[in-house]
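Residue-level structure breakdown
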Amino acid sequence: MFLVYTGLVLLYLDYSLYLELYLANLNSLLVSYVIYIDWISLIFMGFVLFISSMIFKYTENYMEGDLNLKRFIFLVVLFIFSMMLTIMSLNLVTILLGWDLLGLVSYILVIYYQNVKSFNAGMLTALSNRIGDAALLMAIALGSNFGSWNFLFYLTMNSNDIFMSMLYSFMILAALTKSAQIPFSSWLPAAMAAPTPVSSLVHSSTLVTAGVYLLIRIESGISANFMCLLLFISLLTMFMAGVCANFEFDLKKIIALSTLSQLGMMIVILCLGGSDLAFFHLIMHALFKALLFMCAGSIIHSMGNCQDIRYMSGLTFYMPFTCTCMNISNFALCGIPFMAGFYSKDLIVEFFSLQVDNIFLYFLFYLSIGMTVSYSFRLSYYIFFGETNLVSLNQVSEKNSYLMMSGMMGLVFFVIFMGSMMSWVMHITPYFILLPSFMKLLTLNVILIGGYLGYEFNNMSYFYTSKISQWYRTSMFMGYMWNLPIMASYLMNQKFLFMGKFYFKTFDQGWLEYYGSKGLFMVLVENFNALQLNSLNHFKKILFFSLIIIIIMNL
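Only a predicted model underlies this, so the values are computations on that prediction, with no experimental measurement involved. (Residues numbered from 1 in each chain as written. Predicted model: local features only at pLDDT ≥ 70, side-chain atom pairs only at ≥ 80, totals over all residues. Heavy atoms only, no water.)

**Overview of the environment of Lys289**
Relative to the assigned elements, Lys289 resides in helix α12 (residues 275-302). Overall, the relative accessible area of 0% leaves Lys289 in the buried class. Considering only alpha carbons, one finds Lys289 and Val212, 77 residues apart in sequence, at a separation of 16 Å. Aside from chain neighbours lying at most four places away, what touches Lys289 is His203, Ile255, Ser258, Thr259 and Gln262. Among the polar contacts made by the side chain of Lys289, one reaches the side chain of Thr259 at a distance of 3.1 Å. (Helix = DSSP H or I, 4+ residues; strand = E, 2+ residues; numbered from the N terminus. Buried < 20%, exposed > 50% of the residue type's maximum accessible area, 1.4 Å probe, protein only. Contact = heavy atoms within 4.5 Å. Polar contact = N/O pair within 3.5 Å; in protein donor to acceptor, adjacent residues only side chain to side chain.)

This is the structure we're talking about:
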């Protein structure tokens, strides 16, 4: 909270702190470690640390039976440290260090349970993020042309320069991979193989938000063409995630797709010039998404690690506090008035209505907003309001989860009140948005229509049973994220894996083995065997040669 207060003071004073430590000077290239402290970095760090503290309290109860709890805690601390390194840096090299460390620790945490599903998910996560790491390396190489790796100096340069355009394109590519925008969206639901406290931390304030944070930092230097491309990509991601969440039955994957949708919304409004609105929604989203994951983890923990929402109906009778917290976070996610999410989402929607005059973008954006309410209502219906579908062996209770409930309790107050508090103090110049009455009420109408659609999706579940129905085929296509996981894994890797196997069999274990190490080894073995044979029979050979010499001399 001290960091948040200090950040607000810097915001009102319009003051920022730039610290530069000179490390080396190579010809015309200056190597330095840069720490940049302004209101964005301080407020973001304050929220990250607060959410992390609640998650650590939650972890004590959730992971209490784990034999490697200390190792898990150290990994999470390293994860938070790498996010802090990314937040405070303006130097591309130090950003790469934090960026790479985020990817490495996230891989270790995703494969924490060490089964086949975790290994596959971890490999998909690591390889997808490596694309962004390679893009940052290319940006570092291009930054060498401009005399510094500090991208703060590039923001005022001419964006028509070809090298500058390439540098920004690589940084945008890195941000797209880290924030899982199309076509890199498949790794985000796959990363749900990690323990739930990690998922809560990843989807609220670390890892996936690093890409949006980088875009907020470089927003003033991105050209209009890149902004337009980014707008379409993020809007499609937002729509795709919202639709897919309505066909998913895995509790954690539904919330992961919700995160993907909200990240798309942040980038959409960023592309329209509202970088402060994107940051405002980023920190509000961090609060209610952390609480949503903590509630989901509590339910999964109580149900013996069952994540299928079709087995979870009627939980309000068994876990009233957890269900209350989850409903509050769901309301904030939907943008119900006077919750934390309302103050950022309503402002974003009205700002979008003011800026966009394209009917296709307008329709797609509002449809995505409706889909958010739809899958939230569907989730609530399956978990809270439906008929009880619990397995008779389940002992669902929250009596022994005091630490988990205390961690959730620490976030509930902020999920309810922090939106109104921050909306008063963050916007020094208030937004004055003048719209017709039907456009003002369109958001409310879309929320109501989305809730009705969520109710209809529940009633249409009998279509899933018939595998020949068109609805079943549509649901399979939507549920698999428009086949993005297949395209991102099998389609991209199949040829390379086949070539790798062919070269391994033909060269590594074939000709190179025959003429290389193995052939050389066999030649040496044969020679040494011959020498060994000679050394074993040397007395006989001396007598034989002596006899021959005597015979020759007698002749």
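**What about the pairing of strand β2 (residues 29-37)?**
The two faces of the sheet receive side chains in turn, since in a regular strand these alternate between them. Within β2, 7 of the 9 residues are buried, which leaves it mostly tucked inside the rest of the structure. As paired strands, strand β1 (residues 17-26) and β2 are joined by 9 bridges and run antiparallel to one another. Bridging from a neighbouring strand, Asn25 pairs with Leu30 of β2. Taking the residues between adjacent antiparallel strands as the criterion, β1 and β2 are bridged by 2 residues, where Asn27 takes a positive phi near 55 degrees. (Pairing = 2+ DSSP bridges.)

**A closer look at the packing of helix α6 (residues 162-178) against helix α10 (residues 224-245)**
Close contact between α6 and α10 brings their axes to 12 Å; oriented N to C, the two are set at 15 degrees. By the angle between their axes, α6 is roughly parallel relative to α10. Seen from above, α6 lies across α10 with right-handed handedness. Across from Ser165, Ser169, Ile172 and Leu176 in α6, the residues of α10 making contact are Phe226, Leu230 and Ile233. A breakdown of the residues in the contact of α6 with α10 according to their chemical character gives 5 nonpolar, 2 polar and no charged. (Axes fitted to C-alpha atoms, helices over the stretch in contact; angles between N-to-C directions. Parallel < 35°, antiparallel > 145°, perpendicular 65-115°, else oblique. Left-handed = near helix turned anticlockwise from the far one by under 90°. Nonpolar A, V, L, I, M, F, W, Y, C, P; charged D, E, K, R; others polar.)

**Considerations on the side chain of Gln181**
Along the chain, the position of Gln181 falls in the loop between α6 and α7 (187-190). Here the side chain of Gln181 touches Thr237 through a polar contact of 3.4 Å, side chain to side chain. If we ignore the near neighbours within four places in the chain, the residues touching Gln181 are Leu176, Ile233, Ser234, Thr237, Leu260, Leu263, Gly264 and Ile267.

**Considerations on the nonpolar core**
Core analysis: the largest hydrophobic core is formed by 183 residues, its most contacted members being Leu251, Phe279, Ile283, Phe365 and Met422. Of all the elements, α12 adds the most residues to this core, at 19 residues. Setting aside residues no more than four positions away along its own chain, Phe365 makes contact with Leu235, Met238, Met265, Val268, Ile348, Val349 and Phe352. (Core = buried A, V, L, I, M, F, W, Y, C linked by side-chain atoms within 4.5 Å.)

**Brief notes about the packing of aromatic side chains**
Under the definition given, this model contains 19 aromatic pairs. Between Phe44 and Tyr213, the aromatic rings sit 5.4 Å apart at their centres with planes inclined by 35 degrees, giving tilted as the arrangement. Remark: Tyr213 occurs in helix α9 (residues 208-218) and Phe44 occurs in helix α2 (residues 39-62); sequence separation between them is 169 residues. Residue Phe44 is classed as buried on the basis of its relative accessible area, which comes to 1%. (Phe/Tyr/Trp six-rings, centres within 6.5 Å; stacked < 30°, edge-to-face > 60°.)

**A word on helix α4 (residues 92-110)**
Under the 1.5 Å per step criterion, the end-to-end length of α4 is 26 Å for 19 residues, consistent within 8% with the ideal 27 Å. The set of residues buried in α4 consists of Leu92, Thr94, Ile95, Leu96, Gly98, Trp99, Leu102, Gly103, Val105, Ser106, Leu109 and Val110. If you follow the buried residues of α4, they end up packed against β2, α3 (69-88), α5 (116-143), α6, α8 (196-204) and α9. (Expected span 1.5 Å × (residues − 1).)

**Points about the pattern of salt bridges**
According to the stated counting rule, one finds 4 salt bridges in the structure shown. For Lys440, the salt bridge goes to Glu350, with nearest N and O atoms at 3.1 Å. Within this pair, whereas Lys440 is found in helix α17 (residues 437-459), its partner Glu350 is found in helix α14 (residues 340-355), the two being separated by 90 residues in sequence. Judged by its relative accessible area of 32%, Lys440 is partly exposed. Among the charged side chains, a network of salt bridges with common partners joins Asp100, Arg130 and Asp133. (Salt bridge = Lys/Arg side-chain N within 4 Å of Asp/Glu carboxyl O.)

**Brief notes about the side chain of Thr259**
Its location among the elements puts Thr259 in helix α11 (residues 251-271). When neighbours within four sequence positions are excluded, Thr259 is seen to be in contact with His203, Val208, His285, Lys289 and Phe293.

**Considerations on empty space enclosed by the protein**
All chains considered together, the criterion is met by 4 cavities of 30 Å³ or more. Approximately 60 Å³ is the volume attributed to the largest cavity. Around the largest cavity sit Cys334, Gly335, Phe342, Lys345, Asp346, Val349, Ile369, Thr443 and Ile447, which together line it. Of all the secondary structure elements, the ones that give two or more residues to the lining of the largest cavity are α14 and α17. Of all the elements, α14 adds the most residues to the lining of the largest cavity, at 4 residues. Its residues assigned to classes, the lining of the largest cavity shows 5 nonpolar, 2 polar and 2 charged. (1 Å grid on protein atoms, 1.4 Å probe; cavity = no way out; pocket = protein on both sides within 12 Å on 5 of 7 lines; lining within 4 Å. Points joined across faces, edges and corners; volume = space filled by probe spheres on them.)

**Some remarks on the layout of surface pockets**
Gaps left between atoms are located by rolling a probe of water-molecule size over the structure's atoms. Taken as a whole, the second largest pocket spans an internal volume of roughly 370 Å³. What lines the second largest pocket is a set of 21 residues, and nearest its centre among them are Tyr36, Asp38, Trp39, Ile40 and Arg217. Mapped onto the lining of the second largest pocket, the elements with two or more residues apiece are α1 (2-13), α2, α9 and α12. Taken together, the residues of the lining of the second largest pocket sort by class into 13 nonpolar, 3 polar and 5 charged.

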